[in-house]
Amino acid sequence: MTHLWLRAEQRPHEERVGLTPQGAKALINAGIRLTVEESSVRAIPLQGYIDAGAEIAPENSWPTAPHDAIIFGLKELPEDGTPLPHRHIMFGHAYKGQFSGKALLERFRAGGGTLYDLEYLVDETGRRVAAFGYWAGFAGAAVTLKTWIAQQSGALCPPVGAYPNKDALLDELRAELKETPSAIVIGALGRVGTGASDLLEAMSVKVTKWDMAETASGGPFPEILTHDIFINCILARPGTPQFVPLSAKEASRKLTAIGDVACDPDSDYNPVPVYSEATTWEAPAVRVHDTPPLDVMAIDNLPSMLPLESSEDFASQLLPSLLTLGELGKGVWARAEADFVEHISKL
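Residues numbered from 1 in each chain as written. Predicted model: local features only at pLDDT ≥ 70, side-chain atom pairs only at ≥ 80, totals over all residues. Heavy atoms only, no water.

1. Some points on the sheet that holds strand 12 (residues 294-297)
To summarise the sheet geometry, strands pair through backbone hydrogen bonds and adopt either a parallel or an antiparallel arrangement. Applicable threshold: At least two bridges found by DSSP between two strands are what make those strands a pair. Starting at the N terminus, helices and strands are each numbered in turn, a helix being any DSSP run of H or I of at least four residues and a strand any DSSP run of E of at least two. To define axes, lines are fitted to C-alpha atoms, for helices over the stretch in contact only, and angles between the resulting N-to-C directions are given on a 0 to 180 degree scale.
Spatially, 6 strands are ordered 8-7-9-10-12-11 in an open sheet, and the strand pairing comes out mixed. Both outer strands of the open sheet, strand 8 (206-210) and strand 11 (285-289), are each paired with one neighbouring strand and no more. Taking the axes of each pair of neighbouring strands and ignoring which way they run, one obtains an average angle of 20° across the sheet. Pairing analysis gives 5 bridges linking strand 7 (residues 182-186) to strand 8, with the strands arranged parallel. Pairing of Ala-183 across the sheet is with Val-207, part of strand 8.

2. Things to note about the sheet that holds strand 4 (residues 70-72)
In plain terms, the rule: Contacts between residues were defined by any pair of non-hydrogen atoms, one from each residue, lying within 4.5 Å.
In space, the 6 strands of this open sheet follow the order 3-2-1-4-5-6, with parallel pairing throughout. In this open sheet, the two strands that pair with only one neighbour each are strand 3 (55-57) and strand 6 (114-117). The average undirected angle you get between the axes of adjacent strands in this sheet is 25°. One ladder, built from 3 bridges, connects strand 4 with strand 5 (residues 87-90); its direction is parallel. By the bridge assignment for strand 5, Ile-71 is matched with His-88. Across the sheet, helix 9 (residues 331-344) touches strand 5 and strand 6, and the angle it forms with strand 6 is around 120°.

3. Side note on the pattern of salt bridges
What counts here: What makes a salt bridge here is a side-chain nitrogen of Lys or Arg within 4 Å of a carboxyl oxygen of Asp or Glu, nothing more. Each residue is placed in one exposure class: buried if its accessible area under a 1.4 Å probe, protein chains only, is under 20% of its type's maximum, exposed if it is over 50%, and partly exposed if it falls in between.
In total, this model carries 15 salt bridges according to the counting rule given. A salt bridge links Arg-11 to Glu-76, with the nearest nitrogen and oxygen atoms 3.1 Å apart. With Arg-11 in the loop between strand 1 (3-6) and helix 1 (21-29) and Glu-76 in the loop between strand 4 and strand 5, the pair connects residues that are 65 residues apart, well separated along the chain. By relative accessible area, which is 24% here, Glu-76 ends up partly exposed. Residue Glu-172 pairs with Lys-146 through a salt bridge whose shortest N-O separation is 2.5 Å. Of this pair, Glu-172 sits in helix 5 (residues 166-176) while Lys-146 sits in helix 4 (residues 133-151), and the two are 26 residues apart along the sequence. Its relative accessible area of 30% is what places Glu-172 among the partly exposed residues. Through salt bridges with shared partners, one network takes in Arg-11, Glu-76 and Asp-300.

4. Quick word on the nonpolar core
Counted only if it meets this: By nonpolar core we mean a set of buried residues, namely Ala, Val, Leu, Ile, Met, Phe, Trp, Tyr and Cys, connected to one another through side-chain atoms within 4.5 Å.
If you look at the biggest cluster of nonpolar residues, it comprises 39 residues, and the most contacted ones within it are Leu-199 and Leu-200. Broken down by secondary-structure element, the contributors of at least two residues to this core are helix 4, helix 5, strand 7, helix 6 (191-202) and strand 9 (229-232). Ranked by the residues each element gives to this core, the list is headed by helix 4, at 10 residues. Apart from residues lying up to four places away in sequence, Leu-200 is in contact with Ala-141, Ala-183, Val-185, Val-205, Val-207 and Ile-231.

5. Here we look at empty space enclosed by the protein
One water molecule sets the probe size; rolling that probe over the atoms shows where empty space is left. What counts, and what does not: Here a cavity is any set of points on a 1 Å grid over the protein atoms alone where a 1.4 Å probe fits but cannot get out, and a pocket is any open set with protein on both sides within 12 Å along at least 5 of 7 lines; a residue lines the site when it has an atom within 4 Å of a point. Grid points are joined across faces, edges and corners, and a volume is the space filled by probe spheres set on the points. The nonpolar class holds Ala, Val, Leu, Ile, Met, Phe, Trp, Tyr, Cys and Pro. Asp, Glu, Lys and Arg form the charged class, and all remaining residues, Gly among them, are polar.
The final tally for this structure, using the stated rule, is 1 cavity of 30 Å³ or more. Size it by volume and the largest cavity reaches roughly 40 Å³. Arg-7, Glu-9, Glu-14, Arg-16, Val-17, Ser-39, Val-41 and Arg-42 are the residues that line the largest cavity. Residue composition of the lining of the largest cavity, grouped by class: 2 nonpolar, 1 polar and 5 charged.

6. Describing helix 1
Which entries qualify depends on this criterion: To obtain the arc, one takes the directions from the helix axis to the C-beta atoms.
If you check which residues of helix 1 are buried, you get Pro-21, Gly-23, Ala-24 and Leu-27. Burial along helix 1 is one-sided: seen end-on, the buried residues are contained in an arc of 155°. Exposed and facing more than 90 degrees away from the buried side of helix 1 are Gln-22 and Asn-29. Elements that come into contact with the buried residues of helix 1 comprise strand 1, strand 2 (33-37), helix 2 (47-52) and helix 8 (307-322).

Take it as geometry only, folks, not as evidence of what the structure does.
Structure, rendered in structure tokens:
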């Protein structure tokens, strides 16, 4: 019997989950054994999983799970260097030249486990079967707007936190916004860009929307510098152009706030190389130039600001694939394993 183990998230500020109680019931009804860890932070209460019939395990007990269990989580595991013998479903951030990625893959090689990276679960056309993109864009645009608002009084963006729902976030922004900036969103036709544009337009911000057609030339893109805010929604990959090069710091520009929602600062292909490290909830923006100011927002778990809505959305997208876990050698799982084998062979 296929055994799925839903682990608790161990990263700070991570309340999301990739499976709802309704999804848990569907998996159990399909003959999949389901273990759900207790969690002190999960946005969805444990009782729903109990009512669905899941087995319950202590928080963060997944390292002692049976070796045939498939461990399912969202964000990174603790970086303790221990070998990983299980099969894991999660965002590994290990395939695009990230500094921490090699260490993770080494742990899988040492333990004999397998990574089914959620970013690389794709259908026959190569489209991801599940993504948090919309809510990443929505929250990322919100924090970037907060960054711009703080600049108007000479400050850096203050700490941010989770919201009970998107309406609470919008209400807060409306109370803070006294002037209306201009913004450009690159990747505007995708999930991330749609979310970013929706947030900005809800705040009556005039949005210039660019996608592949507008960036096909490969740059440079001086138009970006004529807007107050730039939101990058393009994942770093080979061939991605630089949207804001280092030279932009000293250039004549209106641009003062960048939201790098894609957030790949340690990738070899970072399209926004004016900064080098992700920002945090405690310090959402980093100032990379003083006069005129240029602040970068690059939080890498933005959907966690709206944990309930983002969890429900993502879980509904992923559930059809989870229901096929009994056939790991086919479909999305086979494609994800092939990606893992390819990258681990390069170590």
